[in-house]
Every structure is written in C-alpha cells, then in structure tokens.
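Each chain, letter by letter, is given below.
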Amino acid sequence: VGGGEEGYRRALNVALGHFDVSSYSGLDADTLEGVSYVRNMIQGLDGREFMSFKSYERHLDAEVVPGLHGMFEEVDEETSEVLTEYFKALGAKVRREGEAKARRM
C-alpha cells in the first residue's frame, strides 16, 4: 500500500463505503450489527494516535482482532481484501507518523 496520506485516505474511504449499513438490504440483524461495528471501529481507529507502531500492533492483537472474530464467524473475500488493505494502509500511516515524531526529537 503506497501513496502516503493519500493512500491511507483512499483505503479508509473504501473501507467506510464497504461497511456502510445503508448500502446493505435484506441482511439479518446480526450481520447488520457486525457491519455497523466494523464501520465504528474503523472511524475510531482513524481518529486515534498511537505512540508507536508497537502500540498499534498491541491494539490490533488485544482489541481489533478479537473484536472481529467475536463479531463474525467468517467474511467473504471482498470484505477480507478491504480490511487487509485498510490495516496495511493504517499500519503504514502509523509507521510514518512514528518516524516523523522520532525525527522531531
């Protein structure tokens, strides 16, 4: 995932669009709840500042991955790709921000 901040914003917008509850019809309540959960999680991650890439990884391991596994038994290939690209872009963003902080010190 390249493109710096622009690449991150592109991945964010794709993910938010994919998890827009209004674009789903005919799904059961549990699935709609899961879609809403993921969208809210992504919005929360977008506004969060991580102290380091390591703290980002810890957050994924402790909060995000268990939350996703608790919400979904499985996801389709498109959803998996959207999430993978988003988390790659977010990880790259966190790494860039950490490097910028280190240079300012």
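For the structure, see preceding data.
First, a word on scope: everything that follows refers to the structure included in this document.

About the criteria used
- Residues numbered from 1 in each chain as written.
- Predicted model: local features only at pLDDT ≥ 70, side-chain atom pairs only at ≥ 80, totals over all residues.
- Heavy atoms only, no water.
- Phe/Tyr/Trp six-rings, centres within 6.5 Å; stacked < 30°, edge-to-face > 60°.
- Buried < 20%, exposed > 50% of the residue type's maximum accessible area, 1.4 Å probe, protein only.
- Lys NZ or Arg CZ within 6 Å of the ring centre and 35° of its normal.
- Helix = DSSP H or I, 4+ residues; strand = E, 2+ residues; numbered from the N terminus.
- Contact = heavy atoms within 4.5 Å.
- Core = buried A, V, L, I, M, F, W, Y, C linked by side-chain atoms within 4.5 Å.
- Salt bridge = Lys/Arg side-chain N within 4 Å of Asp/Glu carboxyl O.
- Expected span 1.5 Å × (residues − 1).
- Arc of directions from axis to C-beta.

**Considerations on the packing of aromatic side chains**
Turning to step 1, where the next piece is worked out: Tallying each qualifying case throughout the model produces four aromatic pairs.
Turning to step 2, where the next piece is worked out: Both rings, one in phenylalanine 50 and one in tyrosine 56, keep their centres 5.4 Å apart while their planes meet at 80°; by these two values the pair is edge-to-face.
Turning to step 3, where the next piece is worked out: Of the residues examined, tyrosine 56 reaches a relative accessible area of 3% and is grouped as buried.
Turning to step 4, where the next piece is worked out: Through a chain of ring-to-ring contacts, the aromatic side chains of Tyr8, Tyr86 and Phe87 assemble into a single cluster.
Turning to step 5, where the next piece is worked out: If you follow lysine 93 out to its NZ or CZ, it ends over the ring of tyrosine 8, 4.9 Å from the centre.

**Things to note about the side chain of histidine 59**
Turning to step 1, where the next piece is worked out: Note on placement: histidine 59 falls in helix 3 (residues 53-71).
Turning to step 2, where the next piece is worked out: Given the relative accessible area of 15%, histidine 59 is considered buried.
Turning to step 3, where the next piece is worked out: Ignoring anything within four residues of it in the chain, the contact list for histidine 59 reads Leu45, Arg48, Phe50 and Val64.

**Quick word on the nonpolar core**
Turning to step 1, where the next piece is worked out: Counting 24 residues, the largest nonpolar core has Val38, Met41, Ile42, Leu45, Tyr86 and Phe87 as the members making the most contacts within it.
Turning to step 2, where the next piece is worked out: Of all the secondary-structure elements, those providing two or more residues to this core are helix 1 (4-18), helix 2 (29-46), helix 3 and helix 4 (77-104).
Turning to step 3, where the next piece is worked out: Element by element, the count of residues in this core is highest for helix 4, at seven residues.
Turning to step 4, where the next piece is worked out: In this structure, leucine 45 is in contact with Phe50, His59, Val64, Tyr86, Phe87 and Leu90, ignoring residues within four places of it in sequence.

**Some words on the pattern of salt bridges**
Turning to step 1, where the next piece is worked out: Tallied over the full model, the rule gives five salt bridges.
Turning to step 2, where the next piece is worked out: The salt bridge partner of arginine 9 is glutamate 5, with a shortest N-O separation of 3.1 Å. Separated by four residues within a single helix, arginine 9 and glutamate 5 lie in helix 1, roughly one turn from each other.
Turning to step 3, where the next piece is worked out: Note on glutamate 5: relative accessible area 38%, which makes it partly exposed.
Turning to step 4, where the next piece is worked out: Two residues, glutamate 85 and lysine 88, come together in a salt bridge whose shortest N-O distance is 3.7 Å.

**Here's the deal with helix 1**
Turning to step 1, where the next piece is worked out: With 15 residues, helix 1 extends 21 Å from end C-alpha to end C-alpha; this agrees with the ideal 21 Å at 1.5 Å per step.
Turning to step 2, where the next piece is worked out: For helix 1, every residue scored as buried is listed here: Gly7, Tyr8, Ala11, Leu12, Ala15, Leu16 and His18. Along helix 1, the residues classed as buried sweep out an arc of 165° about the axis, all on the same side. Across from the buried face of helix 1, at angles greater than 90 degrees, the exposed residues are Glu6 and Asn13.

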